[in-house]
Amino acid sequence: TSSALDYTVADLSLAEFGRKEIRLAEHEMPGLMALRHEYGEAQPLAGARISGSLHMTIQTAVLIETLVALGAEVRWASCNVFSTQDHAAAAVVVGPNGTVENPSGVPVFAWKGETLDEYWWCTEQMLTWPAGRQPNMILDDGGDATLLVHKGTEYEKTGVVPEASDDDSEEWKVVLGLLRKTLGKWTAVGAGVLGVTEETTTGVLRLNQMADAGELLFPAINVNDSVTKSKFDNKYGIRHSLVDGINRGTDVLIGGKVAVVCGYGDVGKGSADSLRGQGARVIVTEIDPICALQAQMDGYQVATLESVLEIADLVITTTGNFNIVMVDHMAKMKHQAILGNVGHFDNEIDMAGLAKYPGVKLVNIKPQVDEWVFPDGHSIIVLSEGRLLNLGNATGHPSFVMSNSFSNQTIAQIELFTKNSQYERQVYRLPKELDEKVAKIHVEALGGELTVLTKAQAEYIGVDVNGPYKPEHYRY
Ligand code: NAI
C-alpha cells in the first residue's frame, strides 16, 4: 500500500513545486512522451523492477515516470552528492496521484548535499527492495550501482572485504565500510539482475573494463554512445549548463577572461563553446592529437596546463581522467581564479591534496562555492568541491537535450528486459535505427522538416529510404 512507501528525501512539501516543473518539462521532453504514447498500452516493462542511480533532477523525474508508465516498478537514488533537486525528489515520491500525507509514487533516496556515507547508504537502499524482492534491472550513471553489486559479489566469494590502505580515497574507504556491513546480500542481487543500461562515458569505461576481464555479471547497454546521447547531451547539454553553473556559483563576468578547458572530447567541445559564447578566450589542453587538432580548427589555442596556468581566470576539467589539476597547479593559479570540474568524478581535481596543503585555509562562501586561501594570500574559488559543477551549482542539462538521452535509456531498458536471452555478458550499443528514431522525434518537435530520399537516390548512395542513413563507422 502507499503508506508503506519507503523513501528518504529532504522535504516532501516541495512536491507541488516539483510537480509544476515536471509538467513544464514533459512538454520539453517529446521523446519520452512519444515513448509513453507508443508503449503505454503494451506495458513492455511490466514485471521490471528497476533500480536507478542517476542525478535526481526534474528531467530524471520525467524519465522515472515514463518507466512507470511502461509498467516498471522503480526505486531511485542520485549518482552524485550534490545533483539532487529536492523538489523533483519530493514530487517523484508523492507521485502524480498521491498527496504529501499519502505518497504513492516511487521510493527515492536522494537529497542535495549528501555526505559520502549517506550517498552510499542511498545507493544501497535503492538496490534493496522490500519484502525480500530483488531488482531485475539497473539503470546506472557512472556505474556506482553496478560497482556495488559487482564488488559485493566478488568479496562474498571469499567472505572477506579487504582493509582500506592509506592510498585509498575517502570514498573507497566508505564503499569498503558499507560492503563490510552488508556482506551477504550482494550475490543474490547480482544473480537477479538481467542487465544494466549505462548513461555516461565514465560508466561505460568501467563496464568495458569489467567485460574485458570477464567479470561482468550481466549484459549491459552503453546508452552513452548512442549518437543522440553523447553527441547531444555531452556537448550541447554542457554548452547550456556549464556557464549556468559558473554564473550561479560566482556571477563573475566570463567575457574577456582566459578560460582553460582540459579535454576536448564531447564534453570539452561543449564547454569550450559555452565559454567562448560568453566572450572568454578559451585555451584547450589535450593528450589526443586528433582532438587537439579539432580544437585548433575550431579556433582555440592548444597548450599544456603548466604553460597557461598563470594567465587562466577559469580552469574547467572535462577529461573523465584523474589527477588533471593538482594542488601544485592550484598554488600557481591567479588570485580568485575559478576552478571547476564537469567530468563524472571528483578526482580530476586534487581535492585531497588541496585540503592537505600546508597552511591552506578554507572559506565557505555559500553551498557548493568555496574559497581556498593559500599561505601567500592568493586564493582560488572551487565549485562543488570538485564534483560536477553543472549539476552542483546549477540544475544540469535542460529537458530537451535530456529527452534524447532518456529516450535511449528507456529504449535500452525495454530492449534488455524484453529480449534478455539475446544478450551475453557484454557491452552493447542500440541499433542505429533507434538512434535515428530518437533524433526524428526531436527534429519534428523543433519544427524541422526532413527531406525524404527518392528511391533512386537511396539506391545511389546505398541506403534504405527509411534508413539507417549512415554506415556503423560514420562519426557524425
Ligand atoms: P571523451 O572521451 O569524449 O572526452 C574526454 C577527453 O579528455 C578525450 O578527448 C581525452 O583525450 C581527453 N583527456 C584524457 N586525459 C587527458 C589529460 N590528462 N589532459 C587533457 N585531456 C585529456 O569523454 P566525454 O564524453 O567528453 O566525457 C568526459 C567526462 O564527462 C566523463 O567523465 C563523462 O562521464 C562526463 N560527462 C559529464 C556530463 C555532465 O553533465 N557534467 C555529461 C556527460 C558526460
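Residues numbered from 1 in each chain as written. Predicted model: local features only at pLDDT ≥ 70, side-chain atom pairs only at ≥ 80, totals over all residues. Heavy atoms only, no water.

### A short note on the pattern of salt bridges
Condition: Salt-bridge detection follows one rule: a side-chain nitrogen of Lys or Arg within 4 Å of a carboxyl oxygen of Asp or Glu. In this text, helices come from DSSP runs of H or I with a minimum length of four residues, and strands from runs of E with a minimum of two, each type numbered from the N-terminal end. When a residue's accessible area, from a 1.4 Å probe over protein chains only, is under 20% of the maximum for its type it is buried; when over 50% it is exposed; and in between it is partly exposed.
Under the defined criterion, the tally for this structure stands at 20 salt bridges. The salt bridge involving Asp-273 is made with Arg-239; its shortest N-O contact spans 3.5 Å. You can see Asp-273 sitting in helix H11 (residues 266-277) and its partner Arg-239 sitting in helix H10 (residues 227-250), a full 34 residues away along the chain. With relative accessibility at 39%, the residue Arg-239 sits in the partly exposed group. Where Arg-248 meets Asp-244, a salt bridge forms, and the shortest distance between an N and an O atom there is 2.8 Å.

### Examining empty space enclosed by the protein
Here is the rule we go by: Buriedness of a pocket was judged along seven lines, with at least five required to meet protein on both sides within 12 Å; pockets are open sets of points on a 1 Å grid over the protein atoms alone, cavities are sets where a 1.4 Å probe fits but cannot get out, and lining residues have an atom within 4 Å of a point. Grid points are joined across faces, edges and corners, and a volume is the space filled by probe spheres set on the points. Ten residues, namely Ala, Val, Leu, Ile, Met, Phe, Trp, Tyr, Cys and Pro, are considered nonpolar, four, namely Asp, Glu, Lys and Arg, are considered charged, and the remaining ones, Gly among them, are considered polar.
Inspection of the entire model under this criterion finds two cavities of 30 Å³ or more. Here the largest cavity is characterised by a volume of approximately 90 Å³. Residue composition of the lining of the largest cavity, by class: five nonpolar, two polar and four charged. Of the voids in this model, the second largest cavity is the one considered here, and its volume is about 40 Å³. The wall of the second largest cavity is formed by Gly-31, Leu-35, Ser-407, Ile-411, Lys-437, Val-438, Ile-441 and His-442. Those elements that provide at least two residues to the lining of the second largest cavity are helix H2 (30-39), helix H17 (399-418) and helix H18 (432-445). Ranked by residue count, the leading element in the lining of the second largest cavity is H18, at four residues. Of the residues in the lining of the second largest cavity, the class split is four nonpolar, three polar and one charged.

### Re the UniProt feature "binding site: substrate" (unreviewed entry) in the protein
Defined as follows: UniProt positions are given in the numbering used here, feature names are shortened, and annotations may be inferred rather than shown by experiment. In what follows, a contact means two residues having at least one pair of non-hydrogen atoms within 4.5 Å.
Under the UniProt annotation, the feature "binding site: substrate" (unreviewed entry) is placed at Thr-57, Asp-141, Glu-199, Lys-229 and Asp-233. Its location among the elements puts Glu-199 in the loop between strand S5 (195-198) and helix H9 (201-212). Residues within four places of Glu-199 in sequence aside, it is in contact with Leu-54, Asp-140, Asp-141, Val-223, Asn-224, Lys-229, Asp-233, Met-402, Ser-405, Phe-406 and Gln-409. Among the structural elements, Lys-229 can be located in helix H10. Take Lys-229: its relative accessible area is 2%, and that puts it in the buried class. Residue contacts for Lys-229: discarding those within four places in its chain leaves Glu-199, Thr-200, Val-223, Asn-224, Asn-234, Ser-405 and Asn-408.

### Thoughts on unusual backbone geometry
Look at the link from Gly-467 to Pro-468: it is a cis peptide, with omega at -5 degrees. Following the sequence through the fold, Pro-468 ends up in the segment after helix H19 (455-461). In this structure, Gln-43 takes a positive phi of about 50 degrees despite not being glycine. Mapped onto the fold, Gln-43 is located in the loop between H2 and strand S1 (49-53). Since its relative accessible area comes to 30%, Gln-43 is described here as partly exposed. One non-glycine residue, Asn-323, lies in the positive phi region at around 60 degrees.

### Here's the deal with the packing of aromatic side chains
Two descriptors summarise a pair of aromatic rings, namely the distance from one centre to the other and the angle between the planes of the rings. Short version of the rule: Between the rings of Phe, Tyr and Trp (Trp by its six-membered ring), a pair exists once the centres lie within 6.5 Å; its type follows the angle of the planes, with under 30 degrees stacked, over 60 edge-to-face, and the other angles tilted. In this scheme, the term charge over a ring applies when either NZ of a lysine or CZ of an arginine sits within 6 Å of the ring centre and within 35 degrees of the ring normal.
Applying the stated criterion across every chain, the model contains seven aromatic pairs. On the numbers, 5.2 Å between centres and 85 degrees between planes, the contact of Tyr-119 with Trp-120 is edge-to-face. With relative accessibility at 2%, the residue Tyr-119 sits in the buried group. Each ring, one from Tyr-357 and one from Phe-374, has its centre 5.1 Å from the other, and the planes form 70 degrees; the classification is edge-to-face. With a gap of 17 residues between them, Tyr-357 in the loop between helix H15 (351-356) and strand S12 (361-366) and Phe-374 in the loop between strand S13 (369-373) and strand S14 (379-383) connect regions that are remote in the sequence. According to the relative accessible area criterion, Tyr-357 is partly exposed, its value standing at 26%. Directly above the aromatic system of Trp-129 lies the positively charged group of Arg-75, at a separation of 5.9 Å from the ring centroid.

### Considering the environment of Cys-122
Its location among the elements puts Cys-122 in helix H5 (residues 116-127). Residues Cys-122 and Phe-109, 13 residues apart in the sequence, show an inter-C-alpha distance of 5.2 Å. Sequence-distant contacts of Cys-122, defined by excluding residues within four places in its chain, comprise Ala-77, Phe-109, Ala-110, Trp-111 and Glu-114.

### Topic: the layout of surface pockets
If you add up the space inside the second largest pocket, you get close to 1,300 Å³. Ser-169, Glu-170, Glu-171, Asp-346 and Asn-347 are, among the 40 residues lining the second largest pocket, the residues nearest its centre. Going through the elements one at a time, H5, helix H6 (144-158), helix H7 (170-182), H9, H15 and S13 are the ones with two or more residues in the lining of the second largest pocket. For the lining of the second largest pocket, the leading source of residues is H7, giving five residues.

### Details of the sheet that holds strand S7 (residues 258-262)
Our working definition: A pair of strands is considered paired only if DSSP assigns at least 2 bridges between the two. Interaxial angle, 0 to 180 degrees, is taken between N-to-C directions of lines fitted to C-alpha atoms, where a helix line uses only the stretch in contact.
Read from one edge of the open sheet, eight strands run S9-S8-S7-S10-S11-S14-S13-S12, paired in mixed fashion. Bordering the open sheet on either side are strand S9 (301-302) and S12, each of which pairs with just one other strand. As paired elements, strand S11 (residues 337-341) and S14 share three bridges and run parallel to each other. Each residue of the ladder has a partner; that of Ile-338, found in S14, is Ile-381. Of the strands in this sheet, S7, strand S8 (281-285) and strand S10 (314-317) are in contact with H11, which crosses S7 at around 170 degrees.

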